[in-house]
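Below are the chains, spelled out letter by letter.
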Amino acid sequence: MKKYKLLAGMQDLLPEQSYKWFHLEQLFSEWIKSYGYDPIRTPILEATDLFIRTVGEETDIVGKEMYTFRDQSELSVSLRPEGTVPTLRAVVEHHYLYNGPKKLWYYGPMFRRERPQKGRYRQFHQFGVEALGFPGPEIDAEIILMGWDLWKRLGVQGEIILELNSLGNLEERQEYKKVLIDYWEKNKAHLDPDSQRRLYRNPLRLLDTKQPELQALCEEAPRLLDYLGETSLRFYRELRDLLVALGIEVHENPRLMRGLDYYNHTVFEWVTPHLGAQATICAGGRYDGLIQELGGSATKGIGFAIGVERLILLLDTLAYSFERNTPDFYVISQSPACLLAGMQYAKVLRSEGFSVYVHFGGQKLAQQFRKASNLGADYALLIGEEELKENKITFKDLRGEKGQVTVSGSGMLASLKKWMG
Ligand code: HAM
């Protein structure tokens, strides 16, 4: 018989993992609510050309990592590799900025056909935030503060540091590109064939390389910050000062370039020393021309996305304690007739807001009690043959010291509340 297997770079999340996700998702929703951002949901499948000009034809994402295919009507479609561009496509399509700026968030799977390894998957999840229509730099500071605040809420603040840079505007970058190409050409002999190819197509990205043998060369390369005009520099300095005033430690990284073409001015990454090469937990920046590029009016924007798999890997590395939901009651019954009564009592308890796990499968009472303990239930609700005849039920405290009590079925809730205190 053929055995089917998970595709490379994809993950199944069985409950031992997925409860961590559930915990984090609840935390995300409280955190995002406290900043007043609104949720947006867009499809996973988009027209391929949406990403080509925006994320950039020369980027790794568009150049070699998208899952692209032709559908039955020969339209080229792609699984979304990221969430910013689809969000902006939807906002422009529905004229959603008609009455002013918007603060939005999204959450869901993204797809990139990368070489799979720890922290790098082909289907991964992003929790993303986009603030549209705010000139900054105050909104840039809020966007960065949000990440800082989330790490604080998770108690891992010292383990993730902020790297900040400015990419200036398009003209400044073009000027810098020329200087940088000159620099790489002079040092061409030290570059491997792949970097030699990228030298012209994407000279800025070479600075971001993780290759150890190129580090010294990158350190000595001309710095983009030195080619920024006064306006761009002032924006950058104002943001840096705002961050310091908000108590956020800033690590300036003039080599931080980001792997997507749509950024200008502010770019940042939240990185951790605990995850090896996949160090970036969260990344983002400003994309002032992107909405216009997508057919909207000239509107500024900034956002970030958290890689949820990486955040969970980090939390696991730091032995973070994820809350796992356990039932309040575990219903144990001695026979099929008792089981039906148990289901009816469970119905009553659930309507009072309790969580109740009903045991099915008719095992011995001792086995059922063992399962109740393994599941971490607080109380057992036991119905034996005797209890059933007399319309009674027994509650047993599985974790505390209340022992057990047998009460009449008709007055169950009142007796239970008294016994539970
Ligand atoms: P990005 O840097 O491509 O930015 O991705 C953001 C985060 O997603 C990364 O820092 C990382 O944590 C996670 N990530 C990316 N690729 C993978 C992968 N293959 N496996 C696991 N995690 C991954 C963006 O996507 C931008 N749209 C962020 C943004 C929002 N900029 C402005 N607004």
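Residues numbered from 1 in each chain as written. Predicted model: local features only at pLDDT ≥ 70, side-chain atom pairs only at ≥ 80, totals over all residues. Heavy atoms only, no water.

(A) Highlighting the overall build of the chain. Along the chain, the regular secondary structure elements total 16 helices and 16 strands. Structurally, the chain occupies a C-alpha span of about 90 × 60 × 45 Å along its principal axes. Long-range pairs, those at least 24 residues apart, make up 68% of the contacts in the chain with a sequence separation of at least 6. Carbon and sulfur atoms make up 51% of the accessible area of the chain, which amounts to about 21,600 Å² in all. (Helix = DSSP H or I, 4+ residues; strand = E, 2+ residues; numbered from the N terminus. Contact = heavy atoms within 4.5 Å. Areas by Shrake-Rupley, 256 points an atom, 1.4 Å probe, with all protein chains shown as cover.)

(B) Here's a closer look at helix α4 (residues 84-93). Counted residue by residue, α4 has nine buried out of ten residues, so it is predominantly covered. For α4, every residue scored as buried is listed here: Thr84, Val85, Pro86, Thr87, Leu88, Arg89, Ala90, Val91 and Val92. Buried residues along α4 sit in contact with β2 (45-47), α2 (49-55), β5 (102-111), β6 (123-132) and α11 (290-293). Among the residues trailing α4, histidine 95 stands out with phi positive, at a value near 50°. (Buried < 20%, exposed > 50% of the residue type's maximum accessible area, 1.4 Å probe, protein only.)

(C) Representation of the pairing of strand β11 (residues 301-307) in the model. Within β11, seven of the seven residues are buried, leaving the element largely enclosed by the surrounding structure. Across the two faces of β11 the burial is the same, with Gly301, Gly303, Ala305 and Gly307 and Ile302, Phe304 and Ile306 all buried. For strand β10 (residues 280-286) and β11, the ladder comprises five bridges, and the chain directions are antiparallel. Bridged to glycine 284 within β11 is phenylalanine 304. (Pairing = 2+ DSSP bridges.)

(D) Spotlight on the packing of helix α1 (residues 15-33) against helix α12 (residues 308-317). Where α1 contacts α12, the axes come no closer than 11 Å and their chain directions differ by 105°. In this view, α1 runs roughly perpendicular relative to α12, as classed from their interaxial angle. Taking contact as the criterion, the partners of Gln17, Lys20, Trp21, Leu24 and Phe28 in α1 are, on α12, Val308, Glu309, Leu311, Ile312, Leu315 and Asp316. Tallied by class, residues from the contact of α1 with α12 come to seven nonpolar, one polar and three charged. (Axes fitted to C-alpha atoms, helices over the stretch in contact; angles between N-to-C directions. Parallel < 35°, antiparallel > 145°, perpendicular 65-115°, else oblique. Nonpolar A, V, L, I, M, F, W, Y, C, P; charged D, E, K, R; others polar.)

(E) Here's a closer look at the sheet that holds strand β4 (residues 76-79). Overall, antiparallel pairing links the three strands, which are arranged β2-β4-β3 in an open sheet. Two strands lie at the open edges of the sheet, namely β2 and β3 (68-70), each paired on one side alone. Strand-to-strand, the axes of this sheet are offset by a mean angle of 35°, without reference to chain direction.

(F) Focus on the pattern of salt bridges. Applying the stated criterion across every chain, the model contains 23 salt bridges. For arginine 286, the salt bridge is made with aspartate 140, and the minimal N-O distance between the two is 2.6 Å. Here the residue arginine 286 occupies a position in strand β10, and aspartate 140 occupies one in helix α5 (residues 138-154), the gap between them amounting to 146 residues. In terms of burial, arginine 286 and aspartate 140 fall into one category: buried. Lysine 392 serves as the salt-bridge partner of glutamate 390, at 3.7 Å between the closest nitrogen and oxygen. By relative accessible area, lysine 392 is classed as partly exposed at 32%. (Salt bridge = Lys/Arg side-chain N within 4 Å of Asp/Glu carboxyl O.)

(G) Representation of the site of the ligand within the structure. The local shell around the ligand holds 27 residues, among which Glu82, Thr84, Glu114, Tyr121 and Tyr263 are the closest. Between the ligand and tyrosine 263 there is a distance of 2.7 Å, counted from a nitrogen atom to a side-chain nitrogen or oxygen. For the ligand, whose accessible area on its own is 650 Å², the fraction buried by protein is 96%. Taken together, the residues of the shell around the ligand sort by class into twelve nonpolar, eight polar and seven charged. (Near = heavy atom within 4 Å. Polar contact = N/O pair within 3.5 Å; in protein donor to acceptor, adjacent residues only side chain to side chain.)

(H) Geometry of the environment of glutamate 58. Tracing the chain through its elements places glutamate 58 in the loop between α2 and α3 (60-65). Between the alpha carbons of glutamate 58 and leucine 104 there is a distance of 28 Å; along the sequence they are 46 residues apart. The residues contacting glutamate 58, other than those within four sequence positions of it, are Arg201 and Asn202. Polar side-chain contacts of glutamate 58 include one of 3.0 Å to the side chain of arginine 201.

(I) Fine view of the nonpolar core. With 96 residues, the main nonpolar core has Trp151 and Ile306 as its most contacted residues. Among the elements that take part in this core, α5 stands out by supplying ten residues, more than any other. Residues within four places of isoleucine 306 in sequence aside, it is in contact with Phe28, Trp31, His125, Gln126, Phe127, Leu150, Trp151, Ile281, Cys282 and Leu311. Within the second largest apolar cluster, 19 residues are counted, among which are Leu339, Val358, Leu381 and Val407. (Core = buried A, V, L, I, M, F, W, Y, C linked by side-chain atoms within 4.5 Å.)

(J) Geometry of the packing of aromatic side chains. Within this structure, the stated rule accounts for 19 aromatic pairs. Relative to phenylalanine 127, the ring of phenylalanine 28 lies with its centre 4.4 Å away and its plane at 40°, an arrangement referred to as tilted. Placement of phenylalanine 28 in helix α1 and of phenylalanine 127 in strand β6 is noted, with a sequence separation of 99 residues between them. Taking relative accessible area as the criterion, phenylalanine 28 reaches 1% and is therefore assigned buried. Residue classification places phenylalanine 127 among the buried positions, given a relative accessible area of 2%. With a centroid separation of 4.9 Å and an interplanar angle of 75°, the aromatic rings of tyrosine 320 and phenylalanine 322 are classed as edge-to-face. Taking relative accessible area as the criterion, phenylalanine 322 reaches 10% and is therefore assigned buried. Cluster of aromatic residues (ring-pair linked, three or more members): Phe28, Trp31, Trp105, Tyr107, Phe127 and Phe304. Residue placement shows lysine 102 over the ring face of tyrosine 96; its charged tip is 4.7 Å from the ring centre. (Phe/Tyr/Trp six-rings, centres within 6.5 Å; stacked < 30°, edge-to-face > 60°. Lys NZ or Arg CZ within 6 Å of the ring centre and 35° of its normal.)

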